[in-house]
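Spelled out, the chains give:
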Amino acid sequence: MTLPVEIQGITWKNVHMLCQKITKKMLKYDEDNGIIVGIGRGGLIPAVMLSHQTKFPVVPVVWQTRELDARKDSLQTLVLAIDRPSTIFVVDDINDTGKTFIGICDELDRLLKTYKLDIKIDVITVCLFERHRSRILADVVGETLEDSRWVTFPWEKAEFNG
């Protein structure tokens, strides 16, 4: 027997308000030399919205276990293009377990140690929503979820948004 799951549909208005809140926090880390990494799929839309608000460039990154080579190549290209001290803001829609942020941060750390020893680069994790039980907590969070409700975003399939 499957237990019913509480679903919380997030509206565009909610997303805009969270992005405004997050932008203020991001700018405390870096006002001039930020780079936004949008994690495909869910993190791409908030990444673009945050890019418009901060004026930081956005770089899309596909991060899926089955596409290991593609994800490493896109992060390596990003790291090799950085030519000055910068802050990389890794953006996702939700930090549920922490697995995505752990994987990306580990890979960025490896690449930065390999290619950018002489340039100071900080990596900051950012998400609209975060589960309080995640294995890694994001640096910048729009809202923390204290329960197990399922969150759906306005860019997801309409059938899941009620």
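Conventions used here
- Residues numbered from 1 in each chain as written.
- Predicted model: local features only at pLDDT ≥ 70, side-chain atom pairs only at ≥ 80, totals over all residues.
- Heavy atoms only, no water.
- Axes fitted to C-alpha atoms, helices over the stretch in contact; angles between N-to-C directions.
- Helix = DSSP H or I, 4+ residues; strand = E, 2+ residues; numbered from the N terminus.
- Parallel < 35°, antiparallel > 145°, perpendicular 65-115°, else oblique.
- Left-handed = near helix turned anticlockwise from the far one by under 90°.
- Contact = heavy atoms within 4.5 Å.
- Nonpolar A, V, L, I, M, F, W, Y, C, P; charged D, E, K, R; others polar.
- Phe/Tyr/Trp six-rings, centres within 6.5 Å; stacked < 30°, edge-to-face > 60°.
- Buried < 20%, exposed > 50% of the residue type's maximum accessible area, 1.4 Å probe, protein only.
- Polar contact = N/O pair within 3.5 Å; in protein donor to acceptor, adjacent residues only side chain to side chain.
- Salt bridge = Lys/Arg side-chain N within 4 Å of Asp/Glu carboxyl O.
- Pairing = 2+ DSSP bridges.

What to know about the packing of helix α1 (residues 12-29) against helix α2 (residues 44-54)
- Two elements in contact, α1 and α2, have axes separated by 9 Å at closest approach and are oriented at 55°. Judged on the interaxial angle alone, α2 and α1 are oblique. Once α1 is placed against α2, the crossing between them reads as right-handed. Taken together, the residues of α2 that come into contact with α1 (itself represented by W12, V15, H16, C19, Q20, I22, T23, M26 and L27) are I45, P46, M49, L50, Q53 and T54.
- Grouping the amino acids of the contact of α1 with α2 by side-chain chemistry returns 10 nonpolar, five polar and no charged.

Examining the packing of aromatic side chains
- Under the counting rule described, the total for this entry stands at five aromatic pairs.
- Aromatic pair Y29 and F89: ring centres 6.5 Å apart, planes at 75°, arrangement edge-to-face. Linking Y29 in helix α1 with F89 in strand β4 (residues 86-95), this pair joins segments that are 60 residues apart in sequence.
- Owing to a relative accessible area of 42%, Y29 belongs among the partly exposed residues under this scheme.
- The interplanar angle of 55° and the centroid separation of 5.9 Å between the aromatic rings of F129 and F153 together place this pair among those described as tilted. Taken together, the residues span a long stretch of sequence, with F129 in strand β5 (residues 121-131) and F153 in the loop between β7 (150-152) and α5 (158-161) at a distance of 24 residues. Exposure class is identical for F129 and F153. Each is buried.
- One aromatic cluster in this structure is built from W12, F129, F153 and W155.

Focus: the side chain of T87
- Mapping T87 onto the fold places it in strand β4.
- Reaching out from T87, the side chain makes a polar contact with the side chain of D30 at a distance of 2.8 Å.

What about the pattern of salt bridges?
- Overall, the coordinates contain six salt bridges when judged by the stated rule.
- The residue D122 makes a salt bridge to K120 at a minimum N-O spacing of 2.8 Å.
- Overall, the relative accessible area of 33% leaves D122 in the partly exposed class.
- Overall, the relative accessible area of 54% leaves K120 in the exposed class.
- Put simply, R149 and D147 hold a salt bridge, and the shortest N to O gap is 2.8 Å.

Some thoughts on the sheet that holds β4
- Across the sheet, which stays open at both edges, the five strands sit in the order β3-β2-β4-β5-β6 with parallel pairing between neighbours. The open sheet terminates on both sides in strands that have one partner only, identified here as β3 (58-62) and β6 (140-145). Strand-to-strand twist of the sheet, defined as the mean angle between neighbouring strand axes without regard to direction, takes the value 25°.
- Where strand β2 (residues 34-40) lies against β3, five bridges are found, and the strand directions are parallel. Paired with I36 across the two strands is V58, which belongs to β3.
- Across the sheet, α2 touches β2, β3, β4 and β5, and the angle it forms with β2 is around 160°.

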